[in-house]
Amino acid sequence: MNNNIRERKNAMNSQSPRQGHSLPRTTEDDKLKRSSRARSGGQRKTYFMVPLLTMMLVVLIFAGLEFFPRPTTSTSSLTQSQSQHEMAQTTRSKKKILGKPASDIDSNANNANANGNAKIGLSQHEKKVLRKPASADINSSNANANANGKTIRKLSENVDFHSNYDKIHCLVQNKDKSEICRPDILGEFLEEGAAALIHAPLKSIPLKRRIPGSLANNDTYIQEQRDISPSNGTATALVEYNPSLVALYENTEKGIVPALETELLDYITGRYIDDFLDEEADRVMYIRTQRSTNHHACGVNMRKIHKTIAEQCFVAISLLDKDLQAIPDAELVVNMDWYIINRHVRFDHQRYRSDYGAYNCQINDVALIAQRSTKTNSKKDQLFLLFSGESQSQMIPIDLRRTLHSADNGDGWNTKIKNAPLPASDLANEKALYGEGLQMRFLDNLIRSGKVKTINKVLHQEAFLDWRKNYHILEATDGSTWFEISPLRDHETRPINFFHHKFETSADLNYFPNSTIYVASKRSGVKRRTYEGQTTHSWYRSEPRYSSLSLKNEDIQRGGIKFRGTACCADINFNGEQVKVGLTHTVTKERAYLHAFYAFQPFPPFKIVALSGYFCLGGMKSEDIGYDDHWMSQRVIDVESELAQMIVKGETYNCPKVTFASGINEMIDSRSNIIISYGVGDCYSRSIVVSKKKIEILLSGKMDKMSTQK
């Protein structure tokens, strides 16, 4: 070690000239010569002492600043070149000086002395109160820098639901329904005055797997980054889209209350350990889930399936604050295909090569939900990951915990899942894991052994939900939970069970008690299912209350379904009745995605009461929060890309042709606003905050005698 230090010093000396001379190298001969000169009384030149004294003075000054900090010291003075991890460590090592100005601390001490309560030093509680969380300054400064001081919450306070009235004559002055409400006009009305945010690319994914903004218009480069060797896809570029949110708190008449059971909430926010102060834990408001993958459409004609390079589909989980800004060092990017399939079983890659090209992701669309798993607990105490493969959907319970540092063990993690967390050592594996500050774990025996062909035969049958995808979980007014199969025209739901005293193996999963699933072989072609308690409400009208774009079966994607599931649910007041609202979508034969709101009663059989006209969601705009932080803001949209204008039945509409509304939530601390989160062009994530009044307008087709949303 001493030799290494000496070599580095020598290298620095050789490159650091001072006043035309090089600093002398320290060798054994030099030491002898110097000591000899000192003994013989040799004189040094006086100008050599000037810089030496100067250096000593600087050292003394900095030492004084360390012991006597200036009142203005705060974490905001940390330079952006420091990593967030270094910021957190620096802040924690200076608990006493980063909370309040020194003058305030002295003032508090003087007051205590005056009251006869003088103390020597500060208690742990006082240190926590005085200390200002490092992440608060870091995150808020980034948000302000990225959006010129705008925040999603500040903008949402001024959502103007009266705007754009003059542009929607189809609702205002169209009692005979002669004018059709275009999807882009309804979309513009919904978004007019709304607060909008572009979700920034995850910081835990290395830059080598990102597309820089300077190359945003280089389609050749973007295509190459998706097809780059090796064949397992570990060097390809990743992008995030299709976000959804889990709100950790809910709005009530009495204010904001936790939506989760206390222990689960503490694990997620970090409150369970002393490493995080209450202020830091309180900043966590949402869990965001996205798809992070090399299967994207950011370039031109990129919907083609890989022929030589394997797809990689990660589940990207992040903690967000009230402004939907990411909490520093609190994200996890997990390749569930790797952990559930490729690491454990012999996957029949040859079959996939012959039929589809290289390996395709088996776990694609994902959503995180929180549910009650204990009958005696009125709060949600367990997270579940719902995901879809090629032909069916499954769901598994998972644990998520915030940590200060990545760790392999699950010490002190007392939940119904007992398996070890995903090992931090996998962070070096490009196939498996990225991130810092979050731990995840799930069941022990999800995997069936042996050679398998698809995920249908990988997971045990207990995790099975149904064939196809895009399903929702509903909560009725009596607290019961239901699995929504089809939004329209037959609104099919069945009770789903999350209750169990443990989740150690797949045998502990019992989503549909007293139900039987028969899956016959391909020869017989029989697939029979029997479910207890399934309800169906037929709503044959399936039309809005005003004229809008109408689609027939021949207008939709081949093999597709009209009014497919998308996102659910939020509570609104519709015509004086409390209802639940979800989003449905239809894909046209031109592969254009059209959305619609649907409203239904919050109790079985969940009667449909209203449907909006088709609308389309907008792409990123220069005024969006986070616009400048996303590389796609530098791209000029090509007419052949998934981000180009929508064309349906020969008509062009002013919105991207591919958007997917993957999340709908009531905004925390704002009972009048809804957050709609969606992916744009299979390329990036966007969220908008819209007024409940506007949703009611699109459902009813009326703008007079509107009910007050509370």
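Conventions used here
Residues numbered from 1 in each chain as written. Predicted model: local features only at pLDDT ≥ 70, side-chain atom pairs only at ≥ 80, totals over all residues. Heavy atoms only, no water. Helix = DSSP H or I, 4+ residues; strand = E, 2+ residues; numbered from the N terminus. Buried < 20%, exposed > 50% of the residue type's maximum accessible area, 1.4 Å probe, protein only. Pairing = 2+ DSSP bridges. Axes fitted to C-alpha atoms, helices over the stretch in contact; angles between N-to-C directions. Polar contact = N/O pair within 3.5 Å; in protein donor to acceptor, adjacent residues only side chain to side chain. Disulfide = S-S within 2.5 Å. Phe/Tyr/Trp six-rings, centres within 6.5 Å; stacked < 30°, edge-to-face > 60°. Lys NZ or Arg CZ within 6 Å of the ring centre and 35° of its normal. Parallel < 35°, antiparallel > 145°, perpendicular 65-115°, else oblique. Contact = heavy atoms within 4.5 Å. Nonpolar A, V, L, I, M, F, W, Y, C, P; charged D, E, K, R; others polar. Core = buried A, V, L, I, M, F, W, Y, C linked by side-chain atoms within 4.5 Å. Salt bridge = Lys/Arg side-chain N within 4 Å of Asp/Glu carboxyl O. pLDDT = per-residue confidence, 0-100.

On to the environment of S178. Note that S178 resides in the loop between α9 (169-172) and α10 (183-191). Judged by relative accessible area, S178 falls into the exposed class, the value being 58%. Spatially, the C-alpha atom of S178 lies 9.3 Å from that of Y546, the residues being 368 residues apart in sequence.

What follows covers the sheet that holds strand β23 (residues 535-538). If you trace the 4 strands from one edge of the open sheet to the other, you get β18-β19-β20-β23, paired in antiparallel fashion. Since the sheet does not close on itself, it has two edges, and those belong to β18 (472-475) and β23, each with one partner. With strand direction ignored, the average angle separating the axes of adjacent strands in the sheet is 30°. Alignment of strand β20 (residues 490-495) against β23, held across 4 bridges, turns out to be antiparallel. When the bridges of β23 are listed, E492 appears paired with T536.

In terms of residue burial, helix α12 (residues 262-269) counts as a mostly covered element, since 6 of its 8 residues are buried. Of the positions making up α12, those classed as buried are L264, L265, D266, Y267, I268 and T269. A side-chain oxygen of the first residue of α12 lies 3.1 Å from the backbone nitrogen of E263; this N-cap is E261. Immediately beyond the C-terminal end of α12, within one or two residues, lies G270, with a positive phi of roughly 95°.

Our next topic: the state of the cysteines. For the structure on display, the rule yields 5 disulfides. Here C616 engages in a disulfide with C655; their sulfurs sit 2.1 Å apart. Taking the sign of the S-S torsion, -95° for the link of C616 and C655, the bridge is left-handed. Of this pair, C616 sits in the loop between β27 (608-611) and β28 (645-648) while C655 sits in strand β29 (residues 651-656); the two residues are 39 residues apart in sequence, bridging distant segments of the chain. Exposure remark for C655: the relative accessible area of 7% places this residue in the buried category. Across the chain, the way the bonded cysteines pair up, counted in sequence order, is 1-2, 3-10, 4-5, 6-7, 8-9.

This part covers unusual backbone geometry. The residue after S229, namely P230, is reached through a cis peptide bond having omega 5°. Along the chain, P230 falls in the loop between α11 (219-226) and β4 (239-247). With an omega of 5°, the peptide bond running from P604 to P605 counts as cis. Along the chain, P605 turns up in the loop between β26 (593-600) and β27. The backbone of N242 shows a phi angle near 55°, a positive value even though the residue is not glycine. Relative to the elements of secondary structure, N242 occurs in strand β4. The buried category is assigned to N242, whose relative accessible area is 11%. Positive phi values are uncommon outside glycine, yet N470 reaches one of about 65°. Secondary-structure assignment places N470 in the loop between β17 (464-467) and β18.

Another point: the packing of aromatic side chains. Evaluated as defined, the whole model comprises 14 aromatic pairs. On the numbers, 6.1 Å between centres and 80° between planes, the contact of F600 with F606 is edge-to-face. We note that F600, like F606, is buried. Among the aromatic residues, those joined into a ring-pair cluster are F384, F498, F503 and Y511. Sitting over the ring of F276, R402 keeps its end group 4.1 Å from the ring centre. Against the face of F512 rests R494, its NZ or CZ located 5.2 Å from the ring centre.

In this section: the packing of α10 against helix α16 (residues 692-700). Contact geometry of α10 with α16 gives a least axis separation of 9 Å together with a crossing angle of 155°. Between α10 and α16, the angle falls in the class roughly antiparallel. In contact with L186, F189, L190 and E191 of α10, α16 contributes K694, I695, I697 and L698. For the contact of α10 with α16, the per-class residue count stands at 6 nonpolar, no polar and 2 charged.

This paragraph deals with the nonpolar core. One finds I287, M336 and M440 to be the most contacted residues of the largest nonpolar core, which totals 71 residues. Apart from residues lying up to four places away in sequence, M440 is in contact with I317, L332, V334, M336, I398, D399, L400, W413, P421 and L422. If you look at the next biggest cluster of nonpolar residues, it comprises 53 residues, including L186, L190, I211 and F615.

The next point concerns the pattern of salt bridges. This structure, assessed with the given rule, holds 25 salt bridges. Ionic pairing is found between R494 and D466, a salt bridge with its closest N-O pair at 3.2 Å. Taken as a pair, R494 in strand β20 and D466 in strand β17 lie far apart in primary sequence, 28 residues in all. Residue R494 shares its accessibility class with D466, and that shared class is buried. Between D571 and K580 there is a salt bridge, with its nearest N and O atoms 3.0 Å apart.

Okay, the confidence of the model for the chain next. Averaged over all residues, the pLDDT of the chain equals 76, while 68% of them reach at least 70. Note on residues 1-48: pLDDT is under 50 here. Beyond four places in sequence and across chains, it has 22 contacts. The low-confidence segment residues 62-147 (pLDDT under 50) makes 93 contacts with residues lying over four places distant or belonging to another chain.

Let's shift gears to the side chain of S662. With respect to the helices and strands, the residue S662 is situated in strand β30 (residues 659-666). S662 gets classed as buried once you look at its relative accessible area, which sits at 15%. In this structure, S662 is in contact with N242, P243, S244, T566, A567, S677, Y678 and G679, ignoring residues within four places of it in sequence.

Moving on: the sheet that holds strand β25 (residues 577-587). The sheet built from 4 strands is open, its strands ordered β24-β25-β26-β27 with antiparallel pairing. Each end of this open sheet is capped by a strand with a single partner; those strands are β24 (564-574) and β27. Put simply, the sheet's adjacent strands are angled 25° from each other on average, direction ignored.

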